[in-house]
Amino acid sequence: MLGKRERHIDIETLSLYIDRRLTPSHHERISQHLKHCERCRREYESLHQTVHLLRHLPRVAVPRAFTLTEQDVRHIRPVRGAWGWMQWATAVVAALLALVISIDLFVQTFAPASAPVPALERPAAVTLEVTKELAREQVAPVAETPLAMKALPRQESLEGAERGAPAKVLPTTEKPLPGGTAVETPKSPEVPTPPAIARPNVARWPPHRWLAFGLAALLAMLLIWQHRHRTP
Amino acid sequence: MAQQPVIPEERLVQAAKRGDLAAFNELVLAYQQQVYNIAYRLLGDPDAAADATQETFIKAYERLHQHRGGSFRSWVLRIVTNTCYDVLRKQQRYPTQSLDNLYADTSDREPDRLPQWQSKDTSPEEMVLRHEIYRVIQEGLLTLSPEHRTVIVLCDIEGLSYEEIAEVLNIPVGTVKSRLSRARARLRDYLRTHHAELLPQAYRL
């Protein structure tokens, strides 16, 4: 509806009107308003003239071709972003290194043939169970262990308790039990354990450790090479 | 507008990403006129525009791996507008340079060619007049802020849609609309103030 106090059109709406970006009904309302509003019509026409001039500006000719020469792109690596042999080699070496280290650690944990196991503290109850095990096997295995102390079977200890002798828990052996896992026993002052940490003896390194060392060195070289040749 | 290359653009882009310089140069030939025109209208100087155009295509080649699908044109135009923004920002720190651009007598180096669609029976007076109008419009553009100048160049001179402009400049469409309307109003005010006599002529072009 056309009212006397109808507002004048803002420049953004006029701009959209020029570009025909208004809804058809809105566009029609504006057209109607422009028919009878002098002020808005002048505004519209000057804006429209400006846009018209801009739209008819001629294209400026390029002064020369802007194609690139080999010289221009010399500083850019040939394979950008995509993985070349360098990246693949680094990834493979890193993966192998991780694998070899894992194997090394695995071997260390479950088969400590090359390194002595440091003595650990264990709750007394566990050792009690172990001594019970020992008692059930004949006395002979206990006697075989050179550094073994006498293991008191539970019954004897109970009898001992009756007699007032306390049930003592003593360290039994450092060697792995027959059919059992390695026993970690509390240290006793009478049993000197060999030093837990030996000096790393490179001559006795297993072959996979040499392999790990070699892979780590190779990986370091590849990474340094890539860093030197990275794209600016 | 930019000529379309004979080989599908996507194939050229893929080849260029694999290091095929010849394929990349096909893209350069397709886009160089548009890129140069945008740079010229934004910077107002043919030498600066040439430098910006060269820099745009070198950057585009360097960063090809960053273009992951979508409009290659928008991607290239974004590089040229950002390159020009950097130049303009540097100019603002040394304002005397931009004044030289504005007032120097560049008539001997005027790159604005008279349009090819000009008919044979255009009088010399009309040719001079049109030439004058083009020069004045470029002057008016240089009085706008970089943001206003860019939207008006992309929309009214290069014919990009609001949506394409939003993609190139990485701004919402609403911002494009409001910026464009204000830019047009400012340029209109400049023409009305300095060259009012030109405005009625415009309709005869």
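Heads up: these notes are all about the structure in this document.

The rules behind these values
- Residues numbered from 1 in each chain as written.
- Chains lettered and ligands numbered in written order.
- Predicted model: local features only at pLDDT ≥ 70, side-chain atom pairs only at ≥ 80, totals over all residues.
- Heavy atoms only, no water.
- Contact = heavy atoms within 4.5 Å.
- Buried area = accessible area lost by both parts, 1.4 Å probe.
- Salt bridge = Lys/Arg side-chain N within 4 Å of Asp/Glu carboxyl O.
- Polar contact = N/O pair within 3.5 Å; in protein donor to acceptor, adjacent residues only side chain to side chain.
- Helix = DSSP H or I, 4+ residues; strand = E, 2+ residues; numbered from the N terminus.
- Nonpolar A, V, L, I, M, F, W, Y, C, P; charged D, E, K, R; others polar.
- Phe/Tyr/Trp six-rings, centres within 6.5 Å; stacked < 30°, edge-to-face > 60°.
- Buried < 20%, exposed > 50% of the residue type's maximum accessible area, 1.4 Å probe, protein only.

1. Some thoughts on the interface of chain A and chain B
Contacts between the two partners involve 40 residues from chain A and, on the opposite side, 56 residues from chain B. Of the roughly 4,500 Å² buried where chain A meets chain B, counting both sides, 62% is carbon and sulfur surface. At the boundary of chain A with chain B, the tally comes to four salt bridges. Across the pair E43 of chain A and R188 of chain B runs a salt bridge, and its minimum N-O distance is 3.3 Å. Counting every contact that joins chain A to chain B gives 13 residue pairs in polar contact (both at pLDDT 80 or more). No other element matches the twelve residues that helix 3 (residues 38–55) of chain A contributes to the side of chain A that touches chain B. Broken down by class, the residue content of the side of chain A that touches chain B amounts to 18 nonpolar, eleven polar and eleven charged.

2. Quick look at the packing of aromatic side chains
With the rule as written, the count across this model stands at seven aromatic pairs over all chains. Relative to F110 of chain A, the ring of F106 of chain A has its centre 5.1 Å away and its plane inclined at 55°; by these criteria the two rings are tilted. Of this pair, F106 of chain A and F110 of chain A both sit in helix 4 (residues 85–110), separated by four residues, roughly a single helical turn. We note that F106 of chain A, like F110 of chain A, is exposed. Taking 5.9 Å as the distance between ring centres and 55° as the angle between the ring planes, the aromatic pair formed by Y31 of chain B and F72 of chain B counts as tilted. Here Y31 of chain B, found in helix 2 (residues 21–43), pairs with F72 of chain B, found in helix 4 (residues 72–93); they are 41 residues apart in sequence, far enough to count as distant.

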